[in-house]
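# Observations on the model geometry
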Amino acid sequence: MMDRIHVCYAIYDKKGTFSKYTGTSMTSMLENTDSPVTLHLLHDATLNEDNREKFEALAAKYGQKIFFCDMETLCGEVLSGILEILPDAIVTRFSQAALYRLLSGIVLPQSV
């Protein structure tokens, strides 16, 4: 039996157009591995329902698992604290997705 691969993506998709790039990356990975894969998608309210359904369909097409982590719900207080200390961080250098990646250890299962 092959070991399960866990892959984490973080997305901030204010215009609803960035999801296609994440989906392209996911497709490439799923096309090129025979291992079982669990996808973890760190997101916020900018992930619209249509794109969420597309990610779910993509994972299902390949018989893989996908879990959605709403970072505003799961880490709202931590995110607020970071933005209070570094108010310009997401404006000048990073998107919220960068912060979500930094907080992945809080929301992903300990086994990952």
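Everything discussed here concerns the structure shown above.
Rules behind the numbers
- Residues numbered from 1 in each chain as written.
- Predicted model: local features only at pLDDT ≥ 70, side-chain atom pairs only at ≥ 80, totals over all residues.
- Heavy atoms only, no water.
- Helix = DSSP H or I, 4+ residues; strand = E, 2+ residues; numbered from the N terminus.
- Rg over C-alpha atoms; globule rule 2.2 N^0.38 Å.
- Buried < 20%, exposed > 50% of the residue type's maximum accessible area, 1.4 Å probe, protein only.
- Core = buried A, V, L, I, M, F, W, Y, C linked by side-chain atoms within 4.5 Å.
- Contact = heavy atoms within 4.5 Å.
- Phe/Tyr/Trp six-rings, centres within 6.5 Å; stacked < 30°, edge-to-face > 60°.
- Expected span 1.5 Å × (residues − 1).
- Arc of directions from axis to C-beta.
- Pairing = 2+ DSSP bridges.
- Right-handed = clockwise from strand over helix to strand, strands pointing away.

Our focus in this paragraph is the overall build of the protein chain. Along its length, the protein chain carries 7 helices and 3 strands. Going from the N terminus to the C terminus, the protein chain shows its helices and strands as β-α-β-α-β-α-α-α-α-α. Here the protein chain has a C-alpha radius of gyration of 15 Å; the compact-globule value for 112 residues is 13 Å, and the two agree. The C-alpha extent of the protein chain, read off along each of the three principal axes, is 45 × 30 × 20 Å. Out of the 112 residues in the protein chain, the part that is buried amounts to 40%.

Time to look at the nonpolar core. In this structure, Met-26, Leu-39, Leu-41 and Phe-55 are the most contacted members of the largest nonpolar core, which totals 16 residues. For this core, the secondary structure elements donating two or more residues are strand 1 (5-10), helix 1 (19-31), strand 2 (37-43), helix 2 (49-61) and strand 3 (65-70). Apart from the residues lying within four places of it in its own chain, the contact partners of Leu-41 are Tyr-9, Ile-11, Thr-22, Met-26, Leu-47, Phe-55, Phe-67, Phe-68 and Cys-69.

This part covers the packing of aromatic side chains. Enumeration according to the criterion identifies 1 aromatic pair in this entry. Both rings, one in Phe-18 and one in Tyr-21, keep their centres 5.7 Å apart while their planes meet at 55 degrees; by these two values the pair is tilted. Here Phe-18 falls in the partly exposed class, since its relative accessible area comes to 40%.

Here we come to the environment of Leu-79. With respect to the helices and strands, Leu-79 occurs in helix 4 (residues 76-85). Separated by 20 residues in sequence, Leu-79 and Leu-99 have C-alpha atoms that sit 7.7 Å apart. With residues near it in sequence (within four places) discarded, Leu-79 still touches Met-71, Glu-72, Leu-99, Tyr-100 and Leu-103.

All right, on to helix 2 then. With 13 residues, helix 2 extends 18 Å between its outermost C-alpha atoms, agreeing within 8% with the 18 Å of an ideal straight helix rising 1.5 Å per residue. All of the buried residues along helix 2 are Asn-51, Phe-55, Leu-58 and Ala-59. Projected onto a plane normal to the axis of helix 2, the buried residues spread over an arc of 95 degrees and lie on a single side. Facing away from the buried side of helix 2 by over 90 degrees, the exposed positions are Ala-60 and Lys-61. As for helix 2, its buried residues are in contact with helix 1, strand 2 and strand 3.

Glancing now at the pairing of strand 3. Pairing between strand 2 and strand 3: 6 bridges, direction parallel. Looking across to strand 3, one finds that Leu-39 is bridged to Ile-66. Chirality of the crossover, the property in question, places the unit of strand 2, helix 2 and strand 3 among those that are right-handed.

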